[in-house]
Amino acid sequence: MSNLNQTSPARVLVVDDSADLRQVFCKLLEREGYEALQANTGAECLRIVAETPLDLVLLDVVLPDLSGIDVCKHIKSGEKSAGVLVLNISGMKTSSFNLIEGLEGGADGYLTKPIDHRTLLAHVKALLRSKRSEEARQRSEQALKEAHDQLEQKVHQRTAELIASNDLLRQEITDRKRIEEALVAATAMWEQTFNAIPDHLCIMDVRGVILRANQAMRNCFEPVHGDLVGLDYELCYYGTTTPERDHPCAAVLSHGLPVVCEGEFPMLEGSYLLASYPLRDGTGQQWGAISSVRDITERKRTQAALKETEEKYRGIFENAIEGIFQSTLDGRFVSANPAIARMFGYDSPQELMSERNLVREHYVNPEQRKVFTRLMEKNGFVRDFELQAYRKDRSIIWTSENVRVVRDEAGTLLYYEGIVEDITRRKEVEQERLELLRRLVSAQEDEQRRISRELHDQMGQSLAALLLGLKSIQGIVDNEPARSQVQRLQEITNRIADDMHSLIRELRPTALDDLGLHTALSNYIAEWSQQSNIAVDFHSYGLSNCRLDNQLETTIYRIVQEALNNVLKHANAKSVSVILEKRGSKVSVIVEDDGIGFDAELLLRTPGRHGRFGLLGMRERSMLVGGLLNIESTPGVGTTVLMHIDTSGDILEAE
Amino acid sequence: MLTHIHRCASPVVTSNSRYLSQGGHFVIEAAWVDAVVRIAHSVVPWLILVAIVRPESNGLESAARLRRISQFYGLVIIPLGWITPVGMYQEPLTSLVNDYVDIDVPPNDLLFTIDNHLLTNNQLTHVAFPDRINS
């Protein structure tokens, strides 16, 4: 173990079995500033060497227990003591052989006694110096190695840092490239967007000099001015840099406030919308302005036309004879023209539209409102919807409405709007006409009844008497020609009687008055089927033991009669189905054939009595008793006549 | 190396050793001649100072004993005493010893004498003078 360093004195172990000599050597060494230890045997020397860091051992070759040579070898073979210097001294083993043996045994020096103390010191110093140098060299080497290792580590670290830095740099370059590409793309997109806008767009500095202009503006002004960049904004739009009055952009540039206004420019035709906004840098300092000029000439024109249209509409709305309105779905008036207000007896549309007034409260029959709502929900409109309505003074009028729903883009119901017509007079006329018709039909029926009765009572009796007379003559006459003549007369009389009975049935069957609709129809249908040779399937429900109103029974009988006549005349049918049904207060009549069918609506619209008179008559008869009659027919399929009557007086909805 | 042979508790004697050490010499003190002989077999002394008055033997006798040893032939031996021995500078003493120094000689004189003898004996290259000693 080495003790040698630059600050602590060298530690020398003096090994000699002579105490005096050990004293001398120790004193000598201590005088020179060394730290001296003593050992008198080889074993003690080795012990001290093992325990204590030493620099040099002054070792007597001849020791009492071990040879100094062996001790030296032991010292030099030790892992920690190999660096300890050994200077052999001997007074007895002084030959060259001993010298060689000692040096080859590992000793760093071999002195023979007697020795000059200076020589001894010189050897000690030289050896220690050498060791110091060696150790310094080793330290230097170690330091160098450490420095080298550190350097290498630093190099590695630095290399790693460089690699990481390089990677970062590469990544940064990649990112930068990507950003640049994105920037280029964004710039291109901005350019495209800037140039795609059809309005004039330009960016100017605080002096009003154009820095950038889009394609639309360039197309407009470059043919006149050339390149717009660097040109004064005023020159473009006013033709001069000193316009008569300040233009809006001047206000933006001087006050930094945005401007939006409509106006005209001396250098352009038409009207324009100008929007100009200040442009500021990061510190809030204004450096310029952006200006947008849009041609609104067409829009102005459209607005003017719209205004004109609106005024026309307003004129129509205000002055129309018919009532025009809009209402919410729950029946609140949203708008109303003066006509509808007058119709309902209000002083003004505003009074009509007040919250207290709800549309439904004007309905005389609330059920009609339900029908109206159902039709609106189903069809989206109603046409010629007639209803009775209360005026403000609770008097009743008849109105006819054409209403449609208004929806938004999503299809949601927003409100109703429509036209209302006061048809009170027309209804009165209609009622009068119906009344006249009713009276006419009634008179007609009465007359037919009377004629039928007279035929039955008088003619029938006369024919019966005639037949009896002829029968009695037949019994008296034995002349064959006369007998056959009588027989022929009987046949003629029977025929007359049959014809009369048919006529009576056609005019007014007595069973209708005496036995009721079910029986009368049964008889009629049976006879008709026999005569026409067309199978008829007749069903009656709910009327076997019940009678209806006389007029209603007559109407139903006549309608079935007319329907079957039409089948016979026009349908070319093989079979007919007649259903008569009464459920509660509702009576339904259905006559359906499998004939050739026809276009019912077309026929109804066709002028000429023969074409539509039968159908029209059926409808009118049905209307007289408050019923609804529908005729469904498709060419090639057949015809169905449907009639529905509510004997309770409830409104029937047309299908 | 100077060997100072004495077996005396006199403070003067011990102080002489100290003076000589301060003067730069390596001084070994020995109580017995045998010790000197033993030491001298290993480390050659340049000069031996021997106190004449000693309990067991005369210092001159010790000097004579030392002279008989071959390796001490050229050695400088200087006795120390209180009184100059008679015939000090005559034979046979002049062959036996190289000089005589009073035991209470001033340190610088002692050092001067020692250095002169060492110089003469080629043991020193120069002599340092009185200001070397701090007594």
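Residues numbered from 1 in each chain as written. Chains lettered and ligands numbered in written order. Predicted model: local features only at pLDDT ≥ 70, side-chain atom pairs only at ≥ 80, totals over all residues. Heavy atoms only, no water.

### Some words on the interface of chain A and chain B
And step 1. The interface is formed by 13 residues belonging to chain A together with 17 residues belonging to chain B.
And step 2. Note on chain A versus chain B: buried area summed over both sides is about 1400 Å², and carbon and sulfur give 61% of it.
And step 3. For the chain A face of the interface with chain B, the top three residues by lost area are V24, R31 and H117 of chain A, together amounting to 36%.
And step 4. At the junction of chain A and chain B, the tally comes to one salt bridge.
And step 5. We note a salt bridge from D20 of chain A to R38 of chain B, for which the minimum N-O separation is 2.5 Å.
And step 6. The interface formed by chain A and chain B contains seven residue pairs in polar contact (both at pLDDT 80 or more).
And step 7. For the side of chain A that touches chain B, the secondary structure elements donating two or more residues are α1 (19-31), β6 (115-116) and α5 (117-196) of chain A.
And step 8. The biggest single contributor to the side of chain A that touches chain B is α1 of chain A, with seven residues.
And step 9. A class-by-class count of the residues in the side of chain A that touches chain B yields six nonpolar, one polar and six charged.
And step 10. Bridging between β6 of chain A and strand β3 (residues 43-44) of chain B involves two bridges; their strand directions are parallel. When the sheet's bridge partners are listed, I115 of chain A is paired in β3 of chain B with V43 of chain B. (Contact = heavy atoms within 4.5 Å. Buried area = accessible area lost by both parts, 1.4 Å probe. Salt bridge = Lys/Arg side-chain N within 4 Å of Asp/Glu carboxyl O. Polar contact = N/O pair within 3.5 Å; in protein donor to acceptor, adjacent residues only side chain to side chain. Helix = DSSP H or I, 4+ residues; strand = E, 2+ residues; numbered from the N terminus. Nonpolar A, V, L, I, M, F, W, Y, C, P; charged D, E, K, R; others polar. Pairing = 2+ DSSP bridges.)

### Points about the sheet that holds strand β4 (residues 85-90) of chain A
Sheet strands pair via backbone hydrogen bonds, and the direction of the pair is either parallel or antiparallel.
All names here are of chain A.
And step 1. Strands sit in the order β2-β1-β3-β4-β5 across an open sheet of five strands; the sheet is parallel. Of all the strands in the sheet, the pair left with one neighbour each is β2 (35-39) and β5 (109-112). When the angles between neighbouring strand axes are averaged without regard to direction, this sheet yields 20°.
And step 2. By the bridge criterion, five bridges tie strand β1 (residues 11-15) to β2 in an arrangement that is parallel. Directly across from V14, in β2, lies its bridge partner Q38.
And step 3. Lying over the sheet, helix α3 (residues 68-77) contacts β3 (56-60), β4 and β5, oriented at roughly 180° with respect to β4.
And step 4. Most of the contacts of α5 go to β4, to which it runs at about 160°, and overall it touches β3, β4 and β5. (Axes fitted to C-alpha atoms, helices over the stretch in contact; angles between N-to-C directions.)

### So, the packing of helix α2 (residues 42-51) of chain A against α3 of chain A
For any two helices packed against each other, one specifies the crossing angle of their axes together with the interaxial distance.
All names here are of chain A.
And step 1. Where α2 meets α3, the axes come as close as 10 Å, and the angle between the chain directions of the two elements is 15°. Taken together, the axes of α2 and α3 are roughly parallel relative to one another. Between α2 and α3 lies a crossing whose hand is right-handed. For the pair α2 and α3, contact is made by G42, C45, L46 and V49 and by V71, H74 and I75, respectively.
And step 2. Of the residues belonging to the contact of α2 with α3, the class tally is five nonpolar, two polar and no charged. (Parallel < 35°, antiparallel > 145°, perpendicular 65-115°, else oblique. Left-handed = near helix turned anticlockwise from the far one by under 90°.)

### Details of the nonpolar core
All names here are of chain A.
And step 1. L517, I556 and L564 are the most contacted members of the largest nonpolar core, which totals 37 residues.
And step 2. Per-element accounting of this core gives the leading share, nine residues, to helix α17 (residues 550-571).
And step 3. Contacts of I556, omitting those with residues within four sequence positions, involve L517, L548, L580, V587, V589, M643 and I645.
And step 4. Membership of the second largest hydrophobic core comes to 27 residues, among which are C26, Y34, L58 and L85. (Core = buried A, V, L, I, M, F, W, Y, C linked by side-chain atoms within 4.5 Å. Buried < 20%, exposed > 50% of the residue type's maximum accessible area, 1.4 Å probe, protein only.)

### Let's talk about the environment of L110 of chain B
Residues and elements named next belong to chain B.
And step 1. In this structure, L110 sits in helix α5 (residues 107-120).
And step 2. For L110, a relative accessible area of 0% gives the class buried.
And step 3. On a C-alpha basis, the gap between L110 and L20 in space is 8.0 Å, while along the polypeptide they are 90 residues apart.
And step 4. Ignoring anything within four residues of it in the chain, the contact list for L110 reads N16, L20, V101 and V105.

### A short note on the environment of A339 of chain A
Residues and elements named next belong to chain A.
And step 1. Considering the arrangement of structural elements, one finds A339 in helix α10 (residues 338-343).
And step 2. Its relative accessible area of 4% is what places A339 among the buried residues.
And step 3. Measuring from C-alpha to C-alpha, the distance between A339 and V420 comes to 9.1 Å, with 81 residues separating the pair along the chain.
And step 4. Discounting residues that sit within four places of it in the chain, A339 has contacts with A320, I321, E322 and G323.

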